[in-house]
Amino acid sequence: MIRLENVSYSYPGGTPALRNINLEIEEGEFLGIIGRNGSGKSTLALHLNGLLRPEKGKVTVRGLDTRDFARLPEIRKLVGIVFQNPETQFVGRTVEEDLAFGPENLCLSPAEIRVRVDRVLAETGLEKYRHRSPKTLSGGQGQCTALAGVLTMEPECLVFDEVTSMLDPGSGTAVLKRIEGLREKGKTIVYVTHNLEELHAADRVIVMEQGKIVREGQPEKLFSDLPGDPGLALPSLIELAAQLRAHGIHVPWEKTRSPETFAEEICRLFSKT
Ligand SMILES: Nc1ncnc2c1ncn2[C@@H]1O[C@H](COP(=O)(O)OP(=O)(O)O)[C@@H](O)[C@H]1O
Ligand SMILES: [Mg+2]
């Protein structure tokens, strides 16, 4: 779906934010990207639909080169990005207008726009807020509106950059569930987070450090490698599993998905001994 070849990028006057990145994102894949603050995750995300273009190397989306300005509208139609801070993305006075903005830019007919907006409002449970100003919504509703704004464009690939980091855990889980649902529909998902716990549904996870990809693998594999890695804030259940492992108690990766599954596993282990 998206290919990065020897991609390097520096912000004006800054140190290199991406250093020689090679990455192939497959059609229908759920790719997780983790790394500490400043490791280049957002810079990489911005390269995926040409919001930033590589200084060296090349990014292609289904073969379309992001340095080719004439192809950017097509690229943006294929790849949509949702950012951490939804307020920066609202353009409409109401939720409904906000959702229509993307398809209007794609020059779709008013009838088609209405169909898409109504469908996405229903799918995301935002119908009751359709006439509200997006700026008056709660964090979770706002993030959901930002996601809905990208969904109306019907992109093939959706990129999420730390979208749950400003939400309370309940709203974060709800947003993550919707994103996992998109994957079931065959969409390609790129999910940037510093929380490995959010990547249970990922097919593959890459770890970034100082603008480079330093590790790559299935989440289960990273789960057993990463604990003890300084600087990566490990979420509580994964950290707890790592601490228990040091004491010879092995809680498998899939059981770290929720406190309930974790507790069940602990009970199971202890009733055996
Ligand atoms: N707009 C910007 N101007 C200058 N430097 C930036 C800008 N955005 C990010 N950087 C720098 O680029 C590096 C990578 O940042 P970023 O991609 O935002 O990392 P992450 O998303 O992993 O926190 C950091 O050193 C950061 O300070
Ligand atoms: Mg970032």
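Sequence order sets the numbering: in each chain, residues are counted from 1 along the sequence as written. Chains and ligands are labelled sequentially in the order written, the chains with letters from A and the ligands with numbers from 1. At least 70 in pLDDT is required for a residue's local features to be given in this predicted model, at least 80 for side-chain atom pairs to be given and counted, and no such filter applies to totals for whole chains, interfaces and linings, which use all residues.

(A) Representation of the overall build of the chain. Scanning the chain from N- to C-terminus turns up nine helices and ten strands. Radius of gyration here uses only the C-alpha atoms, and the compact-globule reference equals 2.2 Å multiplied by the residue count raised to the power 0.38. The globule rule puts the C-alpha radius of gyration for 273 residues at 19 Å, and the 20 Å found for the chain is close to it. Considering only C-alpha atoms, the chain reaches an extent of 65 × 45 × 30 Å along its principal axes. Between the buried cut of 20 or more and the exposed cut of 12 or fewer other C-beta atoms within 10 Å of a residue's own C-beta lies the partly exposed class, and all C-beta atoms are placed from the backbone. Among the 273 residues that make up the chain, the fraction classed as buried is 38%. Each helix is a run of DSSP H or I of at least 4 residues and each strand a run of E of at least 2, with the numbering of both proceeding from the N terminus.

(B) A look at helix α5 (residues 139–151). Expected helix span is taken as 1.5 Å per residue step, with the number of steps being one fewer than the number of residues. Between its terminal C-alpha atoms α5 stretches 18 Å, which fits the 18 Å expected from 13 residues at 1.5 Å a residue. Burial of α5 is extensive: eleven of the 13 residues sit out of reach of the surface.

(C) Region of the structure containing the sheet that holds strand β5 (residues 64–65). Reading across from one edge, β2-β1-β4-β5 is the order of the four strands in this open sheet, with antiparallel pairing throughout. Each edge of the sheet is formed by a strand with only one pairing partner; in this case those strands are β2 (16–25) and β5. A pair of strands counts as paired when DSSP detects no fewer than two bridges linking them. With two bridges connecting them, strand β4 (residues 56–61) and β5 associate as antiparallel partners. Its bridge partner being in β5, Val61 is matched across the sheet by Leu64.

(D) Structural context of the nonpolar core. Membership of the largest hydrophobic core comes to 65 residues, with the highest contact counts inside it found for Val159, Val190 and Tyr191. A per-element tally of this core places α5 first, with six residues. Where each domain begins and ends follows an automated or database-derived domain assignment. If you count residues domain by domain, this core takes at least three from each of domain 1 (2–234) and domain 2 (235–273). Non-local contacts of Val190, meaning those with residues more than four positions away in its chain, are made with Ile25, Leu31, Ile33, Ala45, Leu48, Cys157 and Val159. The term nonpolar core refers to a group of buried residues, namely Ala, Val, Leu, Ile, Met, Phe, Trp, Tyr and Cys, whose C-beta atoms join them within 7 Å. Residue pairs are scored as contacts if the distance between their C-beta atoms, which are placed from the backbone, is within 7 Å.

(E) How the structure looks around the site of ligand 1. Should the C-beta atom of a residue, placed from the backbone, lie within 6 Å of a molecule or strand, that residue is near it. Taken together, the residues surrounding ligand 1 are Tyr11, Gly14, Ala17, Gly35, Asn37, Gly38, Ser39, Gly40, Lys41, Ser42 and Thr43. Element by element, the count of residues in the shell around ligand 1 is highest for helix α1 (residues 41–47), at three residues. Amino acids outside the nonpolar list (Ala, Val, Leu, Ile, Met, Phe, Trp, Tyr, Cys, Pro) and the charged list (Asp, Glu, Lys, Arg) are all regarded as polar, and Gly is one of them. Partitioning the shell around ligand 1 into residue classes produces two nonpolar, eight polar and one charged.

(F) Structural context of the sheet that holds strand β10 (residues 212–217). Here we have six strands laid out as an open sheet, ordered β6-β7-β8-β3-β9-β10, and mixed in their pairing. If you trace the sheet from one side to the other, it starts and ends with β6 (79–82) and β10, each paired once. Averaged over neighbouring strand pairs, the angle between their axes works out to 20° when direction is ignored. Summarising the sheet, β6 and strand β7 (residues 157–161) pair through four bridges and their orientation is parallel. Axis definition: a line fit to C-alpha positions, over the contact stretch in the case of helices; interaxial angles, taken between N-to-C directions, run 0 to 180 degrees.

(G) Local environment of the packing of helix α3 (residues 95–105) against helix α4 (residues 110–124). Look at α3 against α4: their axes get within 9 Å of each other, and the N-to-C directions meet at 130°. The orientation of α3 with respect to α4, classified from their angle, is oblique. Regarding α3 and α4, the two cross each other, and that crossing is right-handed. Of α4, the residues touching α3 (which contributes Glu96, Leu99, Ala100, Pro103 and Glu104) are Ile113, Arg116, Val117, Val120 and Leu121. Looking at the contact of α3 with α4 residue by residue, the class counts come to seven nonpolar, no polar and three charged. Here roughly perpendicular refers to angles of 65 to 115 degrees, roughly parallel to angles under 35, roughly antiparallel to angles over 145, and oblique to all remaining angles. Note: crossing handedness is left-handed where the near helix turns anticlockwise from the far helix by less than a right angle, and right-handed where it turns clockwise.

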